[in-house]
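Architecture at a glance
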Amino acid sequence: MESAVSFNKVAALPWWAYSKILGAGNISKLVLKIFDKSVWFWRRLDALIPWPGLSLLVVARNDAARNDAARNDAARNDGRA
């Protein structure tokens, strides 16, 4: 794994409140519209919020697969495969 980034931290609090406190299964369209219109603001605060976000972005590399592909390419270039 090269890196992992947690984001969408602002949405964690309303998501938790709707599901745990209000017991709602869905978030209303109006609330989603308001959130969508204010994402530009929340995105700036995301790095300052201490809890983990709802989304995770991970970048990983498989060195074994890359080495196998390089060997296969080399074999093709040598005319062995």
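Residues numbered from 1 in each chain as written. Predicted model: local features only at pLDDT ≥ 70, side-chain atom pairs only at ≥ 80, totals over all residues. Heavy atoms only, no water.

**Points about the side chain of Lys9**
You can see Lys9 is positioned in the loop between strand E1 (3-7) and helix H1 (12-21). One buried charge, Lys9, has no salt-bridge partner; the nearest side chain with opposite charge is Asp46, at 5.4 Å. Setting aside residues up to four positions removed in sequence, Lys9 forms contacts with Asp46, Ile49, Trp51, Pro52 and Gly53. (Helix = DSSP H or I, 4+ residues; strand = E, 2+ residues; numbered from the N terminus. Buried < 20%, exposed > 50% of the residue type's maximum accessible area, 1.4 Å probe, protein only. Lys, Arg positive; Asp, Glu negative; His and termini not counted. Salt bridge = Lys/Arg side-chain N within 4 Å of Asp/Glu carboxyl O. Contact = heavy atoms within 4.5 Å.)

**Quick look at the packing of aromatic side chains**
For the coordinates displayed, the defined rule picks out 2 aromatic pairs. Judged by centre distance (5.9 Å) and plane angle (70 degrees), the rings of Trp40 and Phe41 are edge-to-face. Between Phe41 and Trp42 the ring centres are 5.0 Å apart and the planes differ by 70 degrees, which places this aromatic pair in the edge-to-face class. Residue Phe41 is classed as partly exposed on the basis of its relative accessible area of 38%. On the accessibility criterion, Trp42 (30% relative accessible area) is partly exposed. The rings of Trp40, Phe41 and Trp42 are connected pair by pair, giving a single aromatic cluster. (Phe/Tyr/Trp six-rings, centres within 6.5 Å; stacked < 30°, edge-to-face > 60°.)

**With respect to a nonpolar patch on the surface**
Together, Leu13, Trp15, Trp16, Ile21, Leu22, Trp51 and Leu54 make up a nonpolar patch on the protein surface, roughly 770 Å² of accessible area in all. In this structure, Leu13 sits in helix H1. Taking the relative accessible area as the measure of exposure, Leu13 reaches 48% and is therefore partly exposed. (Patch = residues over 30% accessible without salt bridge, like charges linked within 9 Å, V, L, I, M, F, W, Y side chains within 5 Å. Areas by Shrake-Rupley, 256 points an atom, 1.4 Å probe, with all protein chains shown as cover.)

Coordinates in, geometry out; function isn't part of it.
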